[in-house]
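# Report on the structure
So the chains spell out like this:
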Amino acid sequence: MHSIKFPAEPAPLSVDVDKSALIIIDMQRDFLEPGGFGEALGNDVSRLQAAVAPCRAVLDAARHVGMLVIHTREGHRPDLTDAPPHKVERGDPATRIGAPGPMGRILVRGEPGHDIIPELYPLPSEPVIDKPGKGAFYQTDLELMLKNRGIDTLFVAGVTTEVCVNTTVREANDRGFRCIVLSDCCASYFPEFHQMGLAMIKAQGGIFGSVVGSGPLLSSLAGMS
Ligand code: C5J
């Protein structure tokens, strides 16, 4: 057992690193780079850049201490059979899911835009979960992986705070996992949704989980080694 302690909201935490995983949600080119799904929906994708460097620092630290790291990607099969019609039909037909864009077909598996940004690229040893929905547990084998590895705590990073991060945290919470959301490692196209997304998690005594910046976690992980 490797225990670390750090301040968090709503209360300080003590965590066994050996039972913890870092899950990095959807840090894909489609969400972070111009010409992808995020921009097709009318968003300013530069807003998500703030999360990249903190995510990279936590990713490096997690790798250093041997913590399980899992990456997720939102996207669909090339024939879109796993994409709900109501999801596909949203927005301008020229830029909707499956339409051709500068990074290949939007939000389609195997296309350049679907892949994870180079700064946070997974190592071959790190599982990548391809998910058709917003939550990382929906129609994936994430829960099986976590149970098989004896994981009970998730450090959660990625984008966007109020959509895929929040949905995954809520799914994890109902499955009995403790969630610790890394505030500066998450981002939203809407700064106010980022703040509220974090507030909703930590309110009411941590109704869905805890929130902490990368700084305190990095300090306590550095103290381990
Ligand atoms: C969205 C996500 N925002 N990864 N997906 O559609 O949050």
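Check the entry above for the structure.
In this text the structure is predicted, and so the values were computed from the model without any measurement. (Residues numbered from 1 in each chain as written. Predicted model: local features only at pLDDT ≥ 70, side-chain atom pairs only at ≥ 80, totals over all residues. Heavy atoms only, no water.)

## A word on the overall build of the protein chain
- On a plain count of helices and strands, the protein chain comes out with eight helices and 10 strands.
- Taking 225 residues into account, the globule formula puts the C-alpha radius of gyration at 17 Å, and the protein chain, at 17 Å, falls close to it.
- Across its three principal directions, the C-alpha atoms of the protein chain cover 50 × 35 × 30 Å.
- Burial analysis of the protein chain (225 residues in total) assigns 50% to the buried set.
- Summed over its atoms, the accessible surface of the protein chain is roughly 9,800 Å², and 55% of this surface lies on carbon and sulfur atoms.
- The positive charge centre, built from 21 side chains, and the negative charge centre, built from 27, are 3 Å apart in the protein chain. (Helix = DSSP H or I, 4+ residues; strand = E, 2+ residues; numbered from the N terminus. Rg over C-alpha atoms; globule rule 2.2 N^0.38 Å. Buried < 20%, exposed > 50% of the residue type's maximum accessible area, 1.4 Å probe, protein only. Areas by Shrake-Rupley, 256 points an atom, 1.4 Å probe, with all protein chains shown as cover. Lys, Arg positive; Asp, Glu negative; His and termini not counted. Charge placed at Lys NZ, Arg CZ, Asp CG, Glu CD.)

## Some points on the sheet that holds strand β10 (residues 210-212)
- Strand order in the open sheet formed by six strands is β7-β4-β3-β8-β9-β10, and the pairing between neighbours is parallel. Each edge of the open sheet carries a strand with a single partner, namely β7 (128-131) and β10. Here the average twist between neighbouring strands, direction ignored, is 25 degrees.
- Contacting β8 (153-159), β9 (178-187) and β10, helix α8 (residues 214-224) runs over the sheet at an angle of about 115 degrees to β9. (Pairing = 2+ DSSP bridges. Axes fitted to C-alpha atoms, helices over the stretch in contact; angles between N-to-C directions. Contact = heavy atoms within 4.5 Å.)

## A short note on the environment of Val17
- Turning to its location among the elements, Val17 is positioned in the loop between β2 (13-16) and β3 (20-25).
- For the pair Val17 and Arg96, spaced 79 residues apart in the sequence, the C-alpha separation amounts to 41 Å.
- Val17 has contacts with His2, Ile4, Val65, Met67, Leu221 and Met224, leaving out every residue within four places of it along the chain.

## Brief notes about the site of the ligand
- In the vicinity of the ligand, the contacting residues are Asp26, Phe31, Glu74, Lys134, Val159, Thr160, Val163 and Cys164.
- Contact distances for the ligand include 3.0 Å between a nitrogen atom and a side-chain N or O atom of Glu74.
- Residue Lys134 places a side-chain N or O atom 2.9 Å away from an oxygen atom belonging to the ligand.
- Across the shell around the ligand, the residue classes break down as four nonpolar, one polar and three charged. (Near = heavy atom within 4 Å. Polar contact = N/O pair within 3.5 Å; in protein donor to acceptor, adjacent residues only side chain to side chain. Nonpolar A, V, L, I, M, F, W, Y, C, P; charged D, E, K, R; others polar.)

## Some remarks on the packing of aromatic side chains
- What the rule picks out here adds up to four aromatic pairs.
- Here the aromatic rings of Phe6 and Phe155 are separated by 6.1 Å at their centres, their planes lie at 45 degrees, and the arrangement is tilted. With a gap of 149 residues between them, Phe6 in strand β1 (residues 3-6) and Phe155 in strand β8 connect regions that are remote in the sequence. Of the two residues examined, Phe6 and Phe155, each falls in the buried class. (Phe/Tyr/Trp six-rings, centres within 6.5 Å; stacked < 30°, edge-to-face > 60°.)

## Points about the environment of Gly150
- Tracing the sequence through the fold places Gly150 in the loop between α5 (142-148) and β8.
- Its relative accessible area of 38% is what places Gly150 among the partly exposed residues.
- Each C-alpha atom of the pair Gly150 and Ala136 lies 18 Å from the other, and the pair is 14 residues apart in sequence.

## Some thoughts on the packing of helix α3 (residues 52-65) against α8
- It is at 10 Å that the axes of α3 and α8 come closest, and there the two elements cross at 20 degrees. In terms of orientation, α3 lies roughly parallel with respect to α8. Note that α3 runs across α8; the crossing there is left-handed. Counted together, Pro54, Ala57, Val58, Ala61 and Val65 of α3 and Ser214, Leu217, Leu218, Leu221 and Met224 of α8 form the full contact between these two elements.
- Looking at the contact of α3 with α8, its residues break down into nine nonpolar, one polar and no charged. (Parallel < 35°, antiparallel > 145°, perpendicular 65-115°, else oblique. Left-handed = near helix turned anticlockwise from the far one by under 90°.)

## With respect to α3
- An ideal rise of 1.5 Å per residue puts 20 Å on 14 residues; α3 measures up with 20 Å between its terminal C-alpha atoms.
- Those residues of α3 that fall on the buried side of the exposure criterion are Val52, Pro54, Cys55, Val58, Leu59, Ala61, Ala62 and Val65.
- At its buried positions, α3 is contacted by β3, α1 (29-32), β4 (68-74), β8, β9 and α8.
- Just downstream of α3, Gly66 is the residue with a positive phi angle, here 80 degrees. (Expected span 1.5 Å × (residues − 1).)

## Topic: the pairing of β7
- Side chains Ile129 and Lys131 project from β7 onto a buried face, and the interleaved Val128 and Asp130 project onto a face without burial.
- The pairing of β4 with β7 spans four bridges and is parallel. In the sheet register, Glu74 faces β7, and the bridge partner there is Lys131.

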